[in-house]
Amino acid sequence: MHYYEPSQGHGLKYNPFNAIIAPRPIGWISSRDAKGQLNLAPYSFFNAFNYDPPILGFASISWKDSVRNVSETGEFVWNLATKELAEQMNRTSLPVPDDVDEFQLAGLTAVPSKHVDVPRVLESRAAMECKVTEIVQFKNWKGEKVEGWLVGEVVAVYIDTSLIKDGVYQTALATPILRAGRGGDYLEVTQDRMFEMERLPGSSKPAFHGA
């Protein structure tokens, strides 16, 4: 076994942490600052954390534009990153000045939301309007604050109707892409890679799964 303690370094060419915890969904977050400037950026530390109410969160490893914006306005939108939008998503990760609109930079269309004053990506096949419930700054085990923040609650959801078959959202039809570690490793979800395994009785709340 290759053993290491993070505080002492990993001893490898690339930090393996985010490659071991993989693949991870991408938090493609659109936000607006207090002055109205738009921002769109991808976050690889992102996931859903609760059913009711639906809670999702993205973590920023520093006080970047997205975290600053949502702290000012209390709103953001998550947009689904798919294979067909991979290049545009990647373009929105560029470090650009605050006054640059990543929607325009990536050639994407900003369309108004219904419950938040932040647009979603029109070209994205699914999106979720979110309100900030709290912004949590991470701490290490010693209780010392570190450069990382986790933010929100979903208040509205958009789904391309072609992705819904017999009342069920078909994950693979959207070909979502996920982060897989290193600098540029991604994975694509395809139908031939999916399998079904029935949940054991009592292991989940049927109402949450629509059963």
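Described below are features of the structure shown in this document.

About the thresholds
- Residues numbered from 1 in each chain as written.
- Predicted model: local features only at pLDDT ≥ 70, side-chain atom pairs only at ≥ 80, totals over all residues.
- Heavy atoms only, no water.
- Helix = DSSP H or I, 4+ residues; strand = E, 2+ residues; numbered from the N terminus.
- Rg over C-alpha atoms; globule rule 2.2 N^0.38 Å.
- Buried < 20%, exposed > 50% of the residue type's maximum accessible area, 1.4 Å probe, protein only.
- Areas by Shrake-Rupley, 256 points an atom, 1.4 Å probe, with all protein chains shown as cover.
- Lys, Arg positive; Asp, Glu negative; His and termini not counted.
- Charge placed at Lys NZ, Arg CZ, Asp CG, Glu CD.
- Patch = residues over 30% accessible without salt bridge, like charges linked within 9 Å, V, L, I, M, F, W, Y side chains within 5 Å.
- Salt bridge = Lys/Arg side-chain N within 4 Å of Asp/Glu carboxyl O.
- Polar contact = N/O pair within 3.5 Å; in protein donor to acceptor, adjacent residues only side chain to side chain.
- Contact = heavy atoms within 4.5 Å.

**Re the overall build of the protein chain**
Along the protein chain, the regular secondary structure elements total 5 helices and 16 strands. Here the C-alpha radius of gyration of the protein chain, 18 Å, is about what a compact globule of 211 residues would show, namely 17 Å. Taken across its 211 residues, the protein chain has 36% of its residues classed as buried. Carbon and sulfur atoms provide 55% of the accessible area of the protein chain, an area that totals close to 13000 Å². Side chains of the protein chain carry 21 positive and 26 negative charges; the gap between the two charge centres is 3 Å.

**Quick look at a nonpolar patch on the surface**
Side chains of Phe17, Ile20, Ile21, Phe45 and Ile61 sit close together on the surface and give an oily, nonpolar patch of about 520 Å² of accessible area. Looking at where isoleucine 21 falls in the secondary structure, it is placed in the loop between helix 1 (17-20) and strand 1 (24-25). When its relative accessible area of 48% is taken as the criterion, isoleucine 21 is described as partly exposed.

**Things to note about unusual backbone geometry**
With an omega of 0°, the peptide bond running from aspartate 52 to proline 53 counts as cis. The backbone of aspartate 166 shows a phi angle near 55°, a positive value even though the residue is not glycine. The class of aspartate 166 is exposed, set by a relative accessible area of 82%. Even without a glycine there, the phi angle at threonine 175 is positive, about 45°. By secondary structure assignment, the location of threonine 175 is in the loop between strand 14 (168-169) and strand 15 (177-179). Residue threonine 175 is classed as partly exposed on the basis of its relative accessible area, which comes to 22%.

**Some words on the environment of glutamine 37**
Locating glutamine 37 in the fold gives a position in the loop between strand 2 (27-32) and strand 3 (38-43). Residues glutamine 37 and proline 53, spaced 16 residues apart in sequence, show a C-alpha to C-alpha distance of 29 Å.

**A closer look at the environment of asparagine 140**
By the element assignment, asparagine 140 lies in the loop between strand 10 (136-139) and strand 11 (145-150). Judged by relative accessible area, which is 27%, asparagine 140 ranks as partly exposed. Among the polar contacts listed, one links the side chain of asparagine 140 to the backbone nitrogen of lysine 142, at a separation of 2.9 Å.

**Remarks on the side chain of asparagine 69**
Summarising the element assignment, asparagine 69 is placed in helix 2 (residues 65-73). Classification of asparagine 69 by relative accessible area gives buried; the value is 1%. Dropping the residues within four chain positions of it, asparagine 69 is found in contact with Ser31, Arg32, Asp33, Gln37, Asn39 and Gly74.

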